[in-house]
Amino acid sequence: MAAKKTSKVDENTDVSKSKAKREARRKQVEKEKRRKRVSSIVWKIVTAVIVLAVVAVVGRQLYILSIRTTPGTDYSAGLTEDGKIENTDMGTAVALADYKNISVPEDEVAATAEEVDEKINTTLESYKELNTDTNLVIADGDEVNIDYVGTVDGVEFEGGNSGGAGDDLVIGSGSFVDDFEQQLIGHKPGEEVTVDVTFPEDYDEEMAGKDASFAVTIHGIQKAPELTDEFVAENLAETEEVSTAAEYRAKVEKEFREEHLREYLMNYVVENSTVNSYPKRYVKAVKSLLKNGDQGMEIDDEIEYEKELTQRAEESVKETMVYQAIFEDAGLVFDAETRFAEMAEESGEEYVDSIKERYGVPYLAQSEKRQMAVEYLVDLYQ
């Protein structure tokens, strides 16, 4: 039997199938290569992102470490023995405001009637006395003097007896339980009044929720005197160096005007002066003091905190520089030895030694010079 012949068509078909397989394999290999290349690129990107993130975190921490302020308590750091900022020429470091030619608006510095009256009333209140006039009537806000005995079901309870000592009570202050105080309104000195109350549920365990009755004796109402020439002559002539009510009111008005004037001038010279260059070492020292005062405060963003701390320090340093510049420009002179001797005479050697130890002589000298500069400034506009 003759062998079967292979046709040309079959041969071509086999070649096509083989070629297709090779092409498919080639595509598969290329696909796999592309997948590996993409995976490699993605991994490199992910790795780079992770590295950058780590670098950013580490870099941020290193940056924070580099700017972090160390708390300090050395008030005299960065100052010379006579209270000047070290290595700083105020003539070039500060463009000082024209402090000798300030136009002061009188309406901004004049005393107001409200504050004068409040100060006078406070003075009068300090001289109030118990008035037992039986024609007086207790009103809300009055301060009365009373004695009382409290009972529950007719039995006296602990802490409910004033013991005849006479308690001062401001009506409406809420110092006594329930509406005790309100029940005294309308009554008069010399009266004996029964006051009924119910202790609140959140009171102490023994008295919570119980009804109590107080036998109250009203001794009088604390009354402040009126501002008269007689009152001034008797009580204020020596301490305030005035002899009439009008003189005392005028003195109070003058004191408030001086206070407002001082505040206005101090704000003006600082706001209208320009710092050309800050003394870095002294700013750093002030930041340390401020940071020490901030200890215990929660800080959310340390970088932002350090920026804010620097701003606060520079504001403080600017004030110091301005007053030092005024002190020097005005030719003022400070004698530390004399001033410390005066302080010792006023408050004792022990006090002077303690503040020297706490603040240091340079800081104390700086503070005294600042005060002298302020007083000099105020005197220019009195």
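Conventions and cut-offs
- Residues numbered from 1 in each chain as written.
- Predicted model: local features only at pLDDT ≥ 70, side-chain atom pairs only at ≥ 80, totals over all residues.
- Heavy atoms only, no water.
- Core = buried A, V, L, I, M, F, W, Y, C linked by side-chain atoms within 4.5 Å.
- Buried < 20%, exposed > 50% of the residue type's maximum accessible area, 1.4 Å probe, protein only.
- Helix = DSSP H or I, 4+ residues; strand = E, 2+ residues; numbered from the N terminus.
- 1 Å grid on protein atoms, 1.4 Å probe; cavity = no way out; pocket = protein on both sides within 12 Å on 5 of 7 lines; lining within 4 Å.
- Points joined across faces, edges and corners; volume = space filled by probe spheres on them.
- Nonpolar A, V, L, I, M, F, W, Y, C, P; charged D, E, K, R; others polar.
- pLDDT = per-residue confidence, 0-100.
- Lys, Arg positive; Asp, Glu negative; His and termini not counted.
- Salt bridge = Lys/Arg side-chain N within 4 Å of Asp/Glu carboxyl O.
- Polar contact = N/O pair within 3.5 Å; in protein donor to acceptor, adjacent residues only side chain to side chain.
- Contact = heavy atoms within 4.5 Å.
- Patch = residues over 30% accessible without salt bridge, like charges linked within 9 Å, V, L, I, M, F, W, Y side chains within 5 Å.
- Areas by Shrake-Rupley, 256 points an atom, 1.4 Å probe, with all protein chains shown as cover.
- Charge placed at Lys NZ, Arg CZ, Asp CG, Glu CD.
- Axes fitted to C-alpha atoms, helices over the stretch in contact; angles between N-to-C directions.
- Parallel < 35°, antiparallel > 145°, perpendicular 65-115°, else oblique.
- Left-handed = near helix turned anticlockwise from the far one by under 90°.
- Phe/Tyr/Trp six-rings, centres within 6.5 Å; stacked < 30°, edge-to-face > 60°.
- Lys NZ or Arg CZ within 6 Å of the ring centre and 35° of its normal.

(A) Examining the nonpolar core more closely. Membership of the largest hydrophobic core comes to 22 residues, with the highest contact counts inside it found for Ile146, Phe180, Leu184, Val195, Phe214 and Val216. Only strand E3 (143-152), strand E6 (192-198) and strand E7 (211-223) provide two or more residues apiece to this core. Looking at this core element by element, the count peaks at five residues for E7. Counting 18 residues, the second largest nonpolar core, distinct from the first, contains Tyr99, Val109, Phe327 and Val378.

(B) Structural context of the layout of surface pockets. Taken as a whole, the largest pocket spans an internal volume of roughly 300 Å³. In terms of lining residues, the largest pocket is bounded by 19 residues, among which Tyr282, Thr320, Tyr363, Gln366 and Arg370 are the most central. Elements represented by at least two residues in the lining of the largest pocket include exactly helix H8 (280-293), helix H9 (302-329) and helix H12 (361-379). When residues of the lining of the largest pocket are assigned to their parent elements, the largest contribution, six residues, is made by H9. Estimates place the volume of the second largest pocket at around 230 Å³. In terms of lining residues, the second largest pocket is bounded by 15 residues, among which Phe157, Gly159, Phe199, Tyr203 and Phe214 are the most central. No other element matches strand E4 (residues 155-161), which puts four residues into the lining of the second largest pocket. Partitioned by chemical class, the residues of the lining of the second largest pocket number nine nonpolar, three polar and three charged.

(C) Local environment of the confidence of the model for the protein chain. Residues at a pLDDT of 70 or more form 86% of the protein chain, whose mean pLDDT is 90. When pLDDT is averaged over each helix and strand of the protein chain, the minimum, 64, is found for helix H1 (residues 8-67) and the maximum, 98, for strand E8 (residues 274-275).

(D) The side chain of aspartate 147, seen in detail. Its place among the elements puts aspartate 147 in strand E3. An unpaired buried charge is present at aspartate 147: no salt bridge exists, and lysine 128, the closest side chain of opposite charge, is 17 Å distant. A distance of 2.7 Å separates the side chain of aspartate 147 from the side chain of histidine 219, its partner in a polar contact. Ignoring sequence-local partners within four residues, the contact set of aspartate 147 consists of Ser162, Gly164, Ala165, Gly166, Ala215, Val216, Thr217 and His219.

(E) Here's a closer look at a negative patch on the surface. On the surface, a cluster of negative charge is contributed by Glu81, Asp82, Asp89, Glu328 and Asp329. Mapped onto the secondary structure, aspartate 329 falls in helix H9.

(F) Just unusual backbone geometry, in detail. Phi at aspartate 153 is positive, roughly 55°, even though this residue is not glycine. Here aspartate 153 lies in the loop between E3 and E4. For glutamate 241, which is not glycine, the phi dihedral falls at a positive 55°. Assignment of secondary structure puts glutamate 241 in the loop between helix H6 (237-240) and helix H7 (245-271).

(G) Main features of the packing of H9 against H12. It is at 9 Å that the axes of H9 and H12 come closest, and there the two elements cross at 65°. Between H9 and H12, the angle is such that the two are roughly perpendicular. In this structure, H9 meets H12 at a crossing whose hand is left-handed. On H12, the residues that touch Glu319, Thr320, Tyr323, Ile326 and Phe327 of H9 are Gln366, Lys369, Arg370, Met372, Ala373, Val374 and Tyr376. Residue composition of the contact of H9 with H12, by class: seven nonpolar, two polar and three charged.

(H) How the structure looks around the packing of aromatic side chains. Overall, the coordinates contain 14 aromatic pairs when judged by the stated rule. Among the aromatic residues, those joined into a ring-pair cluster are Tyr148, Phe157, Phe176, Phe180, Phe199, Tyr203 and Phe214. Lying across the ring of phenylalanine 340, lysine 356 places its NZ or CZ 4.6 Å from the centre.

(I) Layout of the packing of H8 against H9. Between H8 and H9, whose axes approach to 9 Å, the crossing angle comes to 115°. In this structure, the crossing between H8 and H9 has a hand that is right-handed. Here H8 contributes Tyr282, Val283, Val286, Lys287, Leu290 and Lys291 to the contact with H9, which in turn contributes Tyr305, Glu306, Leu309, Thr310, Arg312, Ala313, Glu314, Ser316, Val317 and Thr320.

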